[in-house]
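Structure at a glance
As a plain string of letters, each chain reads:
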Amino acid sequence: MSESTRFSQRVMPHSRKMFAVAYRFLQRPEEAEDALQDVMVKLWQIRDTLPPDKDLLPFLLVTVRNHCIDKLRARQTIDSNMEVSNIADIDDGESPADIDDLVEEKDRLRHLLGLIPHLPPDQQTVLKLRAIDELTTEEIAKRMNIQPDNARQLLSRARRKLRELAQKQGLI
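As the structure is a computational prediction, the values presented were derived from the model and not from experiment.

1. Here's the deal with the packing of aromatic side chains
One pass over the full model with this rule turns up 2 aromatic pairs. With centroids separated by 5.3 Å and ring planes inclined at 90°, the aromatic side chains of F7 and W44 adopt a geometry described as edge-to-face. Within this pair, whereas F7 is found in helix α1 (residues 3-11), its partner W44 is found in helix α3 (residues 29-45), the two being separated by 37 residues in sequence.

2. Considering a positive patch on the surface
On the surface, a cluster of positive charge is contributed by R130, R157, R159, R160 and R163. The leading source of residues in the positive patch is helix α8 (residues 148-169), at 4 residues. With respect to the helices, strands and loops of the structure, R157 is situated in helix α8. Note on R157: relative accessible area 40%, which makes it partly exposed.

3. Here's the deal with the pattern of salt bridges
Here the structure, examined in full by the defined rule, presents 5 salt bridges. With a closest N to O distance of 2.5 Å, D53 and R10 form a salt bridge. Placement of D53 in helix α4 (residues 53-85) and of R10 in helix α1 is noted, with a sequence separation of 43 residues between them. Overlapping salt bridges, with partners in common, bring together E138, D149 and R152 in one network.

4. Comments concerning the confidence of the model for the chain
Averaged over the chain, the pLDDT score is 81; the fraction of residues at 70 or greater is 80%. Here residues 83-96 is modelled with pLDDT under 50, and outside its nearest four sequence neighbours on either side it reaches 9 contacts, counting other chains as well.

5. Notes on the packing of α1 against α3
Across the interface, α1 lies against α3 with an axial gap of 11 Å and an inter-helix angle of 125°. The angle between the axes of α1 and α3 places the two elements in the oblique class. The handedness of the crossing between α1 and α3 comes out as right-handed. Packed against α1, whose contacting residues are E3, S4, F7 and V11, the element α3 presents M40, L43 and W44 at the interface. Counted by class, the contact of α1 with α3 contains 5 nonpolar, 1 polar and 1 charged residues.

What counts and how
- Residues numbered from 1 in each chain as written.
- Predicted model: local features only at pLDDT ≥ 70, side-chain atom pairs only at ≥ 80, totals over all residues.
- Heavy atoms only, no water.
- Phe/Tyr/Trp six-rings, centres within 6.5 Å; stacked < 30°, edge-to-face > 60°.
- Helix = DSSP H or I, 4+ residues; strand = E, 2+ residues; numbered from the N terminus.
- Patch = residues over 30% accessible without salt bridge, like charges linked within 9 Å, V, L, I, M, F, W, Y side chains within 5 Å.
- Areas by Shrake-Rupley, 256 points an atom, 1.4 Å probe, with all protein chains shown as cover.
- Salt bridge = Lys/Arg side-chain N within 4 Å of Asp/Glu carboxyl O.
- Lys, Arg positive; Asp, Glu negative; His and termini not counted.
- Charge placed at Lys NZ, Arg CZ, Asp CG, Glu CD.
- Buried < 20%, exposed > 50% of the residue type's maximum accessible area, 1.4 Å probe, protein only.
- pLDDT = per-residue confidence, 0-100.
- Contact = heavy atoms within 4.5 Å.
- Axes fitted to C-alpha atoms, helices over the stretch in contact; angles between N-to-C directions.
- Parallel < 35°, antiparallel > 145°, perpendicular 65-115°, else oblique.
- Left-handed = near helix turned anticlockwise from the far one by under 90°.
- Nonpolar A, V, L, I, M, F, W, Y, C, P; charged D, E, K, R; others polar.

Below, the structure is given as structure tokens:
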């Protein structure tokens, strides 16, 4: 049996579950497909060291999860850098005090964004869906496959935790 056939027989039956994990994290089918393809390439490169069949599925799912977390962190870094770089778009008519306030506000926002990874994953997700994707709690509940009351509770907990962390850091 060729290496590619053996690899396909061991890994490909789990591709749907792997895609589901990627989609749950990235929330975009195209990104989930790209992430899955990246993981498949990595798995091919380490095919000789893959765990035995009975331990393969958990390994595959953790590998996909970790890759998606890395992609989300990279996306967050890019988003934060874009927010800060928008300071260059200030009109010439603004006074220096206004510019100082804007720079301070952008700095505070960047620090707040840096606190989000300290929240539990489900709170990070619900906060992102609400604040960035601007979904309603009902839409969040549907997307996360939970009850609307649970979505509201998660959102409330995420905001409270973020506020506590920001207060500890002196941001608010």
